[in-house]
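What follows is the residue order along each chain.
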Amino acid sequence: MISKIFKYLIFIVTFNSVLNTYGQINMSSTISHDKTIRIGKLKNGFTYYLKNTPDPNVEIHFLVKAGSNQEPHVQIAHLMEHMPMNSTKNFKNAKAYFPERGLRPGADMNASTGDDLTDYWAKIHPDNKELFLDVLKFFRDCAHDVNMDSTNMEDVRSAVFEEGRANQMAPNSVASKRLKLLHWETNYAKKKDIDVLNAIKTFRHQTLQNFYDTWYRANFQGLTIVGNFDIDKTEEIIKKLFSALRPSPNAILTQKSDSNFFKWKNRFTTIKGDNIKRTIEVYIKRPIKIMKTQGDLEFLIITKLYNKMMANRFIRENDNGSISSFKFTPSKYFQNFILDGPDIDVIKSSISGDSISPVQALSKILDENELVRRFGFSEDELKSAKSDLISGPELFDTTSINSKLSSEMADHFVSGTAILNPITHRDLIMALLKNITVTRINGEVKEWIKP
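All residue numbers here refer to positions counted from 1 along the written sequence of the relevant chain. In keeping with the model being predicted, local features are shown solely for residues with a pLDDT of at least 70 and side-chain atom pairs are shown and tallied solely at 80 or more, while totals for entire chains, interfaces and linings include all residues. Water and hydrogen atoms play no part in the side-chain values, which are based on all heavy atoms of the structure.

> How should I be thinking about the pairing of strand β5 (residues 118-124) in this particular structure?
Where a strand is regular, its side chains alternate between the two sheet faces. Most of β5 sits out of view: six of its seven residues are buried. Across five bridges, strand β4 (residues 109-113) lies against β5 in antiparallel orientation. Paired with A111 across the bridge in β5 is Y120. Accessible area is worked out with a 1.4 Å probe on protein chains only. A residue is then buried under 20% of its type maximum, exposed over 50%, and partly exposed in between. A run of DSSP states H or I qualifies as a helix once it reaches four residues; a run of E qualifies as a strand once it reaches two. Both are numbered from the N-terminal end. Two strands make a pair as long as DSSP finds a minimum of two bridges between them.

Quick look at the structure:
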C-alpha cells in the first residue's frame, strides 16, 4: 500500500512539474523529429538518416519505397529483392563476396520485401572501414546498377521458387484461415487466391525490368545508418556515392484501397493450440492513424492507456490461472501474415491457458468488449494506468537499440511517421498524458468497438 501511495505521489508531482515546462498544446501541430538524427536529402531526392549510438556495431539499411503493393505481377518485388545478391556492376557475386569477409547471410546481411518497402541491410563493426565502404558501394549498386540480364533473372527465379515452396502456407493452417478472415470480401482476398509458385514460374523478364526501372530511382530510395561511426565523414561518402543517381519523375506512390476492408465484417476470431494449451483471439480492425501531429501522438498514448486498463481488468478477474491479455496492436503485427492493402490498427483480445473452454473464453472476451463499450472505464482505472505508463518503458524507453531506431527511421521514410526522442519529447508526452480524460477515452472506445 505504501509503494502504491508513493507511486501516485510521483505521478501527481510529475504532472504538476510538466505544466511549468511545457506550453500550449496544439493538436494539429506537427511533431518535430528527433534532433539527434541527421536527416539529409540530396538534390535527386535520395534521403539519408544518420545517428550515433553507444552500440559498438553499425547497422546500415538501404531502403526502396516500393513493395508488394506496387508490383504489377505477384512476387515481382520479392524477385527484385533477390537480384542484387546475384550480380551487380561492381559485385559480380555478392552472396559469396560478403560472407568471405565475415558477414553471415541472414544474421549480418539480409533483405526483405514488405507492402510498400524493400529493405536491404547489413550489420558490421565500424573498425573494419574497408568493409563499411564496401557495403555502401554495394547498396549504391543496388540502387541503379543491378545486373538485369536474363541469366541472372533465371537464377533468381529458381532461388525464389525453392524458397516459396519451402515456405508455402498450408491451406488449412491457423495462419491461412486468419488471412482469409482478415481479407474477408475485399479485393485483397483475390490476391491471396493467386498461385504464388505459378506466378514465380510465369513472370516475364520485361516485367521485372520495368519494375526496376520505375521504382529503383533516387527519389524513392534512402539510407539509414545507426551506431558508432563518424557521421561527418560518412555523410561525405553518401554524397559522393549517391548524388549521381537519377530520379524518376513519372512513378507515383499509391496505396490500394477497398471500402469493404473496414465495413461491419471487421471482427474475426482464431483458435489455435491443442486440447491442452489453447489460445482464443479476437481482432477488430480500424484504419491506421500515422503519427505526425500532437493529436496523433495523443491517440497513440490513448491506445497504450487502453491496453493497460483492459489488461488490469483481466488480471483482477483472472481467477483460473490462465494467461490473458487485451492489446491494441499496430499494423506491423500483420506483416507476419503477409497482409496486402492498407495499413491497419488492430485491437487484439486473447485468452490463453491450459484446458480452457474455447466457448467460455470467447464469451468472456466478447463480454468484456461489450462492457467497456457500454459503460467505459472509471476515473480510478485511468489514474492507475497513467501512473503505470509513467513508471514503465512504453513511453520513455531510452535504450538506443540500433534495430529499433532503424525501424523508426524506415517508418519516417515511407509514411512520414514522427521519430520520437523519449528525452527531448518527454514534456510533450507528459502534457498530452495529463490532458487525456476518461470521457475522451470512452468516446474513442465506442468508435473502435461497434455492436
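Now that the structure is up, let's keep going.
> Please explain the nonpolar core as it appears in this structure.
It is characteristic of soluble globular proteins that their nonpolar side chains tend to be buried jointly. Core analysis: the biggest nonpolar cluster contains 55 residues, and I60, F139, L223 and I225 have the highest contact counts within it. Top element by residues in this core is helix α4 (residues 129-144). It accounts for eight residues. Once you skip the residues sitting within four places of it in the chain, L223 turns out to touch F46, T47, Y48, Y49, I60, H61, F62, L136, F139, I238 and F242. We define a nonpolar core as any set of buried Ala, Val, Leu, Ile, Met, Phe, Trp, Tyr and Cys residues linked to one another through side-chain atoms lying within 4.5 Å. I284, I301, M309 and I347 belong to the second largest nonpolar core, which has 34 residues in total. The contact criterion used throughout is that any non-hydrogen atoms of two residues lie within 4.5 Å.

> Can you help me understand the packing of α4 against helix α10 (residues 231-242) in this one?
Angle between the axes and distance between the axes: these two values describe a pair of packed helices. Axes here refer to lines fitted to C-alpha atoms; in helices the fit is confined to the stretch in contact. Angles between the N-to-C directions go from 0 to 180 degrees. It is the contact of α4 with α10, at a shortest axis distance of 10 Å, that shows an interaxial angle of 30 degrees. When the axis of α4 is compared with that of α10, the two are roughly parallel. Handedness of the α4/α10 crossing: right-handed. Of the residues in α10, those touching α4 at F132, L133, L136, K137, F139 and R140 are T234, I237, L241 and F242. Residue type decides the class: Asp, Glu, Lys and Arg count as charged, Ala, Val, Leu, Ile, Met, Phe, Trp, Tyr, Cys and Pro as nonpolar, and the leftover types, Gly among them, as polar. A breakdown of the residues in the contact of α4 with α10 according to their chemical character gives seven nonpolar, one polar and two charged. Each angle gets one of four labels, with under 35 degrees taken as roughly parallel, over 145 as roughly antiparallel, 65 to 115 as roughly perpendicular, and the rest as oblique. Handedness of a helix crossing follows the sense of rotation of the near helix relative to the far helix, less than a right angle counterclockwise being left-handed and clockwise being right-handed.

> Help me understand the packing of helix α13 (residues 379-391) against helix α15 (residues 426-435) in this model?
It is at 11 Å that the axes of α13 and α15 come closest, and there the two elements cross at 170 degrees. Accordingly, the angle class assigned to the pair α13 and α15 is roughly antiparallel. Here K386, L389 and I390 of α13 lie close against α15, whose contacting residues are R426, M430, L433 and K434. Counted by class, the contact of α13 with α15 contains four nonpolar, no polar and three charged residues.

> Is there a simple way to explain the packing of aromatic side chains in this structure?
Where two aromatic rings form a pair, the distance of their centres and the angle of their planes describe that pair. When the centres of two rings from Phe, Tyr and Trp lie within 6.5 Å, Trp using its six-membered ring, the rings pair. Their planes under 30 degrees apart give stacked, over 60 give edge-to-face, and anything left gives tilted. Following the criterion strictly, the structure yields 14 aromatic pairs and no others. Pairing F46 with F242 gives two aromatic rings, centres 4.4 Å apart and planes at 15 degrees, and the pair type is stacked. Of the two residues, F46 sits in the loop between β1 (38-41) and β2 (47-52) while F242 sits in helix α10, which places them 196 residues apart along the sequence. Overall, the relative accessible area of 0% leaves F46 in the buried class. When the ring of F138 is compared with that of F139, the centres are 5.9 Å apart and the planes differ by 45 degrees; the resulting orientation is tilted. Summarising the burial analysis for this pair, F138 and F139 share the class buried.

> What exactly am I supposed to notice about the side chain of E59 here?
With respect to the helices and strands, E59 occurs in strand β3 (residues 58-64). Of the side chains bearing the opposite charge, K123 lies closest to the buried E59, which forms no salt bridge; the N-O distance is 4.1 Å. Pairs of N or O atoms are called polar contacts if they sit within 3.5 Å, as long as, within protein, a hydrogen donor faces a hydrogen acceptor (for residues adjacent in sequence, only side-chain-to-side-chain pairs). At 2.7 Å, the side chain of E59 and the side chain of H61 are in polar contact. The residues touching E59, leaving out its near neighbours within four places in the chain, are A122, K123, T224, I225, V226, N402, S403 and S406. Only four residue types enter the charge count, namely Lys and Arg as positive and Asp and Glu as negative; His and the chain termini do not. By definition, a salt bridge exists where a carboxyl oxygen of Asp or Glu is found within 4 Å of a side-chain nitrogen of Lys or Arg.

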